[in-house]
Amino acid sequence: MLLIDLARTSSAVASDSARLAKIAHLAELLGRVGPDEAEIAVAYLSGELPQRQIGVGWRTLQDLPDPRQVATATLTQIDSFLQRIKAQTGAGSQAARRALLDELFGVATRQEQSFLQRLLTGELRQGALDGVMIEAIAKASGAPSAEVRRALTLRGWLPAVGAAALRGGVEELRAFKLEVGRPVAPMLAQSAPTVTAALEKIGGAAAVEWKLDGVRVQAHRSGDRVSVFTRTLDDITGQVPELVEAVLTLPSNDLVLDGEVLALRPDGRPEPFQITSGRVASRTDVEVQRKAVPLSVFFFDALRADGADLLDLPDEERHAALAAAVPAELLTPRLVTADAEDGEAFFAEALRRGHEGVVVKSPQTPYAAGRRGAGWIKVKPRHTLDLVVLAAEWGSGRRRGWLSNLHLGALDPETGGFVMLGKTFKGLTDELLTWQTEQFLRLATGPADDWVVTVKPELVVEIAFDGVQRSSRYPGGMALRFARVLRYRPDKRAEEADTVATVRAIMPQS
DNA sequence: TTCCGACAGTGGGGTCGCAAT
DNA sequence: ATTGCGACCCCACTATCGGAA
């Protein structure tokens, strides 16, 4: 199959806003692709590469060679290029990669170049990723979408599932099993403002568990072999020896466990996320690192224990199996209750001990891998500050033409100036985007066509955020974590905004 | 007819490893 | 030694579609 066929389908998908129309376009193409190229087609049209990543980003794709006039490139040919690019590592590799990239884009027409560029930068933006592709695979293969979804749960990689469905239909999909050593897409949580609200949503008794601020891990054990995977299914076994050792001490030798790894201080309180994150990401001198920043692991779910797959069992049964397989000191603290007051007290205790919040879980829900199901609901506390808009950046995609991303500052009473604490684009409705764009252009102190439009620091905006973290990027040495807009404060003047000292008081000391 | 679940898009800060400078 | 880039850790929120109620 030719790349231009995919590029055209992608354009058609992008131009129809109806999901059923997108699905029809994708299914039509999947019906035409041969078995050798099915995996590539599914990958490209859901915005992924068979190679996962190849070390090429937006910066590398700034300057492209002239496009070709006639489209001749096949999927197999493109795939071969990407394999060779990924294989280029070591000194001098950048020049070699550049040459291969030029060659690759040199065989592409203008439309194909655009498609490849967006594919390689992970910004396909056609309004269809895994969710829509699952339906398209179902439609093209004749298999029920629930079967496609289930196979994806167990295999964790949609291109492989799509190729199997197109090849062998529902029978081949049913052949996918949970395999120890191969990761499963982890279940995700929705959120609620309070434990009481979360309990109401679930209705009746629920499990309330501490939410630890670390890195999500899925640990597999088969015999004496342990593998550890992250949320995006990357293998980090070598980076977390403490976790490997902990799993090897367990009596069962056939396990798949879901949990969180984090660095604790000697007093048992958690280190800031940055410390845990840095430790987990380190691949060099791990034995030295573990002495300085030891990791602890806490499990909260079991997908397999003692030779039995548990994915389809309700939460309470999976947890019973977990508790039987893992000693109490490796379990995430958990309280089963229907009482909102008890739940809120448990939440408060988690916070008192320095943790992030809680996750409220329905006892009846099976493990909905890869989905943000209503079975898990996270609850975290929320800080707010009134900050001043210092500048705004022009948006992209559906936000093109709007000033979107706000630069936020706190008041420095000593100088009367403002100290930038970060940016946010979250929480804005289309109406608010329209309004603020007008305001910023009115207040602009520099050219309005610059990427960043600086404005007179007059508008006060109420910002919600999860916490304050250390920053080497911003002048105050602090940055907001997960900042989002709640509302503008036309009733407040910039001189009445919150101060740097207020922000500093929120940051954990040490 | 209205409601609501699921999805995609739009970006945020921080850290590490690697190649180039 | 420093810098820039890519990848990935954590992520919140709104708009939209289409099936459920």
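First, a word on what this report is: a plain description of the structure on this page.

Quick notes on the rules
Residues numbered from 1 in each chain as written. Chains lettered and ligands numbered in written order. Predicted model: local features only at pLDDT ≥ 70, side-chain atom pairs only at ≥ 80, totals over all residues. Heavy atoms only, no water. Helix = DSSP H or I, 4+ residues; strand = E, 2+ residues; numbered from the N terminus. Buried < 20%, exposed > 50% of the residue type's maximum accessible area, 1.4 Å probe, protein only. Pairing = 2+ DSSP bridges. Contact = heavy atoms within 4.5 Å. Axes fitted to C-alpha atoms, helices over the stretch in contact; angles between N-to-C directions. Salt bridge = Lys/Arg side-chain N within 4 Å of Asp/Glu carboxyl O.

Describing unusual backbone geometry
Then, in step 1: Its identity is not glycine, yet Leu233 carries a phi of approximately 70 degrees, on the positive side.
Then, in step 2: Even without being a glycine, Asp306 presents a positive backbone phi close to 50 degrees.
Then, in step 3: In this fold, Asp306 is placed in the loop between β6 (295-305) and β7 (308-309).
Then, in step 4: Judged by relative accessible area, which is 60%, Asp306 ranks as exposed.

Examining the sheet that holds strand β5 (residues 254-263)
Then, in step 1: The five strands are arranged β4-β3-β5-β6-β7 in an open sheet whose pairing can be described as antiparallel. Edge strands, defined here as strands with exactly one partner in the open sheet, are β4 (225-229) and β7.
Then, in step 2: When strand β3 (residues 215-222) meets β4, the two strands line up antiparallel, connected through five bridges. Opposite Ser222, over in β4, you have Arg225 as the bridge partner.
Then, in step 3: Against the sheet, helix α12 (residues 273-281) engages β3, β5 and β6, with an angle of about 130 degrees to β5.
Then, in step 4: Together, β5 and β6 form the strand contacts of helix α14 (residues 315-325), whose direction differs from that of β6 by roughly 125 degrees.

Comments concerning the sheet that holds strand β2 (residues 206-211)
Then, in step 1: Pairing is mixed in the open sheet, where five strands are placed in the order β1-β10-β9-β2-β8. Two strands in the sheet have a free side with no partner beyond their single neighbour: β1 (190-191) and β8 (334-337).
Then, in step 2: With four bridges connecting them, β2 and β8 associate as antiparallel partners. Paired with Val208 across the two strands is Leu335, which belongs to β8.
Then, in step 3: Lying over the sheet, α14 contacts β2, β8, β9 (357-361) and β10 (376-379), oriented at roughly 145 degrees with respect to β8.

Regarding the pattern of salt bridges
Then, in step 1: By the definition in use, this model includes 35 salt bridges.
Then, in step 2: One salt bridge connects Asp312 with Arg150, and the closest N-O pair in it is separated by 3.4 Å. With Asp312 in the loop between β7 and α14 and Arg150 in helix α8 (residues 145-155), this residue pair connects regions lying 162 residues apart in the sequence.
Then, in step 3: What makes Asp312 exposed here is its relative accessible area of 56%.
Then, in step 4: Where Asp466 meets Lys380, a salt bridge forms, and the shortest distance between an N and an O atom there is 2.8 Å. With Asp466 in the loop between β15 (460-465) and β16 (467-470) and Lys380 in the loop between β10 and β11 (383-394), the pair connects residues that are 86 residues apart, well separated along the chain.
Then, in step 5: Each of Glu209, Asp301, Asp315, Arg318, Arg334 and Lys361 takes part in one network of salt bridges that share partners.

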